[in-house]
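Structural features, examined
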Amino acid sequence: MKNLSLEVLLSQYTTFRIGGNAKYFISVESAEQLKEAVLFVQEKSLPFFVLGGGSNLLVSDDGFFGVVIKINIVGIEWKNVSDSSVEVLMGAGENWDDVVALSVARDLAGFENLSGIPGTVGAAPVQNIGAYGSEIKDTLSFVEVFDTTKMTTKILRVEDCAFGYRDSVFKTGEGKKYIVVRVCCVLQKNAKPNISYKDVSAFFAKNNIAQPSVRDVRNAVLEIRRAKLPDLNVYGTAGSFFKNPVVSQEIFLSLKEKFPLVVSFDAGEGQRKISTAWILDNICKFKGHRVGGVGVYQNQSLVLVNFGGGTSKEIINLASEMKECVKKNTGIDLTEEVVMLGF
Ligand SMILES: Cc1cc2nc3c(=O)[nH]c(=O)nc-3n(C[C@H](O)[C@H](O)[C@H](O)COP(=O)(O)OP(=O)(O)OC[C@H]3O[C@@H](n4cnc5c(N)ncnc54)[C@H](O)[C@@H]3O)c2cc1C
């Protein structure tokens, strides 16, 4: 088997820089190699895990007794589909932000609000990446997947992907049989960028930019992110550790009665998305909290960081402490945004 290694240290493949060994590790550069890797998994009767950039992942200190399949399928094709739109077909192993930069350089609108998100193209539809008022589902046309039960590739249209807030079919029991091979999105020419998100519109108001270009939006988003999020060259992190809970209007109102300043957003269908960061900062006072080698990032409480030498055990203990505090004070059960491997 090409590109097969044994006992590979996974911490070097995750942005948290935490985690033990994978029993087997296979890098794949094409759908054909992916098929061979899945055949290897079946032959060994072991569990498998699909790895992109490891930026939404916490790996156990004990590692993973199975096969890690690292997706390195590259290639980007641009196709004019109308006077106003361009289709971009991207290999799952392409770096997401590199593709965003290329689309912005072509003055195409659609990806710019998703600037600066680490990781690969293939993982983007898995959690329906989102930031600053955009999600990948807004531009997605179809996903080419490898079906590990039928051992063939197939196309899933956007309506087949069951996209939700940080959610998709790929996270469900049924959808876990799919491995993303390529993603196709449609971007707009000469379109007005979406600057409706509060932080983005405030940035342009402050800088007196009335009609920002897609390039201006990318630069603004990158600047806003730099101020809020840790530098991956300095800290280990997987970004937001928890999701923002979506609650009914009734639960929201009782929370608001207890905490009048609670920050929330409209989540549609009469529901509210509550800011977990606000709860962690204002009720639980976790900002900057440090335990051993890990802690809560001082500029954004949703983000847990490894200061160096941190372990998955320390992260899990800290996360449990945070969940308990939120539950005790608000009744809300936080759920993890980060994917866990080997626990
Ligand atoms: C500093 C920082 C900031 C971040 N900001 C954001 C943000 O603003 N918005 C946001 O949405 N996310 C954010 N994230 C989270 C993360 O970047 C995204 O979830 C990203 O899409 C993960 O990509 P990855 O390639 O690193 O995936 P990985 O971490 O390697 O994998 C994540 C999940 O996707 C699965 N997967 C990966 N590739 C494939 C594939 N080809 N086929 C099927 N399944 C696959 C994995 O099995 C796993 O379940 C941030 C992370 C960091 C570290």
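Report on the accompanying structure. Bear in mind that the values here come from a model prediction, so they are computed numbers and not experimental data. (Residues numbered from 1 in each chain as written. Predicted model: local features only at pLDDT ≥ 70, side-chain atom pairs only at ≥ 80, totals over all residues. Heavy atoms only, no water.)

1. What about the side chain of Thr148?
- Summarising the element assignment, Thr148 is placed in the loop between β11 (140-147) and β12 (152-157).
- Residue classification places Thr148 among the buried residues on the basis of a relative accessible area of 10%.
- At a separation of 2.7 Å, a polar atom in the side chain of Thr148 contacts the main-chain carbonyl oxygen of Lys177.
- Ignoring anything within four residues of it in the chain, the contact list for Thr148 reads Val38, Gln42, Phe48, Lys177 and Ile179. (Helix = DSSP H or I, 4+ residues; strand = E, 2+ residues; numbered from the N terminus. Buried < 20%, exposed > 50% of the residue type's maximum accessible area, 1.4 Å probe, protein only. Polar contact = N/O pair within 3.5 Å; in protein donor to acceptor, adjacent residues only side chain to side chain. Contact = heavy atoms within 4.5 Å.)

2. So, the sheet that holds strand β15 (residues 246-248)
- Pairing in this open sheet of three strands is antiparallel, and the strands run β15-β17-β16 from one edge to the other. Of all strands in the sheet, those bounded by a partner on one side alone are β15 and β16 (264-266). Going across the sheet, the axis of each strand differs from the next one's by a mean of 40°, ignoring polarity.
- Bridge analysis of β15 against strand β17 (residues 271-274) gives three bridges, and the strand direction is antiparallel. Each bridged residue has a counterpart across the sheet, and for Val246 the counterpart in β17 is Lys273.
- Lying over the sheet, helix α5 (residues 249-258) contacts β15, β16 and β17, oriented at roughly 95° with respect to β15. (Pairing = 2+ DSSP bridges. Axes fitted to C-alpha atoms, helices over the stretch in contact; angles between N-to-C directions.)

3. A closer look at empty space enclosed by the protein
- Here the structure, examined in full by the defined rule, presents one cavity of 30 Å³ or more.
- Within this model, the largest cavity holds a volume of roughly 30 Å³.
- In terms of lining, the largest cavity is formed by Met1, Lys2, Asn3, Ile26, Ser27, Val28, Gln33 and Glu36.
- Listing elements by their share of the lining of the largest cavity, those giving two or more residues are β2 (21-28) and α1 (31-44).
- For the lining of the largest cavity, the leading source of residues is β2, giving three residues.
- By residue class, the composition of the lining of the largest cavity is three nonpolar, three polar and two charged. (1 Å grid on protein atoms, 1.4 Å probe; cavity = no way out; pocket = protein on both sides within 12 Å on 5 of 7 lines; lining within 4 Å. Points joined across faces, edges and corners; volume = space filled by probe spheres on them. Nonpolar A, V, L, I, M, F, W, Y, C, P; charged D, E, K, R; others polar.)

4. Comments concerning the environment of Ala124
- Mapping Ala124 onto the fold places it in the loop between β8 (108-109) and β9 (130-131).
- Judged by relative accessible area, which is 1%, Ala124 ranks as buried.
- C-alpha separation for the pair Ala124 and Ala22, spaced 102 residues apart in sequence, amounts to 23 Å.
- Not counting residues within four places of it along the chain, the set of residues in contact with Ala124 comprises Trp96, Ile129 and Ile136.

5. Some points on the site of the ligand
- If you check the shell around the ligand, you find 31 residues, and the closest are Val50, Gly53, Ser55, Thr120 and Gln127.
- Within the backbone of Gly52, one N or O atom sits 2.8 Å away from an oxygen atom of the ligand.
- Contacts to the ligand include Arg166, whose side-chain N or O atom sits 3.5 Å from an oxygen atom.
- Here the ligand has 980 Å² of accessible area as a free molecule, and 92% of this is covered by the chains.
- Within the residue set of the shell around the ligand, elements represented by two or more residues are β3 (48-51), β9, β13 (178-189) and β14 (236-240).
- Tallied by class, residues from the shell around the ligand come to 16 nonpolar, 13 polar and two charged. (Near = heavy atom within 4 Å. Areas by Shrake-Rupley, 256 points an atom, 1.4 Å probe, with all protein chains shown as cover.)

6. Overview of the pattern of salt bridges
- All chains considered together, the criterion is met by twelve salt bridges.
- With a shortest N-O distance of 3.5 Å, Glu7 and Lys23 are connected by a salt bridge. Here Glu7 is found in strand β1 (residues 4-9), whereas its partner Lys23 is found in strand β2, with 16 residues between them in sequence.
- The partly exposed category is assigned to Glu7, whose relative accessible area is 41%. (Salt bridge = Lys/Arg side-chain N within 4 Å of Asp/Glu carboxyl O.)

7. Focus: the environment of Leu102
- Turning to its location among the elements, Leu102 is positioned in helix α2 (residues 96-105).
- Distance in space between the C-alpha atoms of Leu102 and Thr153 is 27 Å, their sequence separation being 51 residues.
- Residues contacting Leu102, with those up to four places away along its chain left out, are Ile76 and Trp78.

8. Thoughts on α2
- Of all the positions in α2, only Trp96, Asp97, Val99, Val100, Ser103 and Val104 are classed as buried. Taken end-on, α2 shows its buried residues confined to a sector of 155°, consistent with a single buried face.
- The secondary structure elements touched by the buried residues of α2 are β6 (76-80), β7 (85-91), β8, β13 and α4 (214-228).
- For α2, the N-terminal capping position is held by Asn95, with its side-chain oxygen 3.0 Å away from the main-chain nitrogen of Asp97.
- Asp107 sits one or two residues past α2 and shows a positive phi near 65°. (Arc of directions from axis to C-beta.)

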